[in-house]
Amino acid sequence: MLEKIKKVMQSFPHAFRGVRHAFWEGLNFRLMVYAALAAIVVVGARPIPPSYKIALVLASALLLIVELINTAVEKAMDLLLPGELDEIKHIKDMMAGAALVASVCWFVIAVLALAA
């Protein structure tokens, strides 16, 4: 059991390094982090129902997760097949679409939370 805990704890530096890399290398991820933090701070300071606050935190997490996955898939595709294949373009476009859907959902929830 102790060995499993040790192994899990050793994986955290890799995860933090990945988030740090996405933050400093990816403008979109960095902007999303700033927007999510700003919205959470503003909504957190206002007297609104906790359900709105929870929804905003979950939407912010989803937004950042999808952008991390989008960035990872794009980098992987560039490494595997650096050429401009239609299939690679479609994969990248679908990932960008997933990030767009997450962004729109986050925006709607942020506006609803701020309007509450």
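Residues numbered from 1 in each chain as written. Predicted model: local features only at pLDDT ≥ 70, side-chain atom pairs only at ≥ 80, totals over all residues. Heavy atoms only, no water.

Draft legend 1. Main features of the side chain of N70. Of note, N70 is situated in helix α3 (residues 50-80). Residue classification places N70 among the buried residues on the basis of a relative accessible area of 6%. Residues contacting N70, with those up to four places away along its chain left out, are K92, M95, A96 and A99. (Helix = DSSP H or I, 4+ residues; strand = E, 2+ residues; numbered from the N terminus. Buried < 20%, exposed > 50% of the residue type's maximum accessible area, 1.4 Å probe, protein only. Contact = heavy atoms within 4.5 Å.)

Draft legend 2. How the structure looks around a nonpolar patch on the surface. Taken together, M1, L2, I5, V8, M9, F12 and F16 make up a surface patch of nonpolar side chains, about 810 Å² in accessible area. Looking at the secondary structure, you find L2 in helix α1 (residues 2-25). Judged by relative accessible area, L2 falls into the exposed class, the value being 69%. (Patch = residues over 30% accessible without salt bridge, like charges linked within 9 Å, V, L, I, M, F, W, Y side chains within 5 Å. Areas by Shrake-Rupley, 256 points an atom, 1.4 Å probe, with all protein chains shown as cover. Salt bridge = Lys/Arg side-chain N within 4 Å of Asp/Glu carboxyl O.)

Draft legend 3. Quick look at the packing of aromatic side chains. One pass over the full model with this rule turns up three aromatic pairs. Summarising the aromatic geometry, the rings of F23 and W24 are spaced 4.9 Å apart at their centres and angled 90° between planes, so their arrangement reads as edge-to-face. Here F23 and Y34 contribute two aromatic rings whose centre-to-centre distance is 5.7 Å and whose plane-to-plane angle is 85°, an arrangement assigned as edge-to-face. Here the residue F23 occupies a position in helix α1, and Y34 occupies one in helix α2 (residues 27-45), the gap between them amounting to 11 residues. (Phe/Tyr/Trp six-rings, centres within 6.5 Å; stacked < 30°, edge-to-face > 60°.)

Draft legend 4. Examining helix α4 (residues 86-115) more closely. For α4, which comprises 30 residues, the first-to-last C-alpha distance of 43 Å matches the rise-based estimate of 44 Å (1.5 Å per residue) to within 8%. Residues of α4 that are buried: I88, M95, A99, A102, W106, A110 and A113. In the core, the buried residues of α4 are packed alongside α2 and α3. (Expected span 1.5 Å × (residues − 1).)

By themselves these figures say nothing about function.
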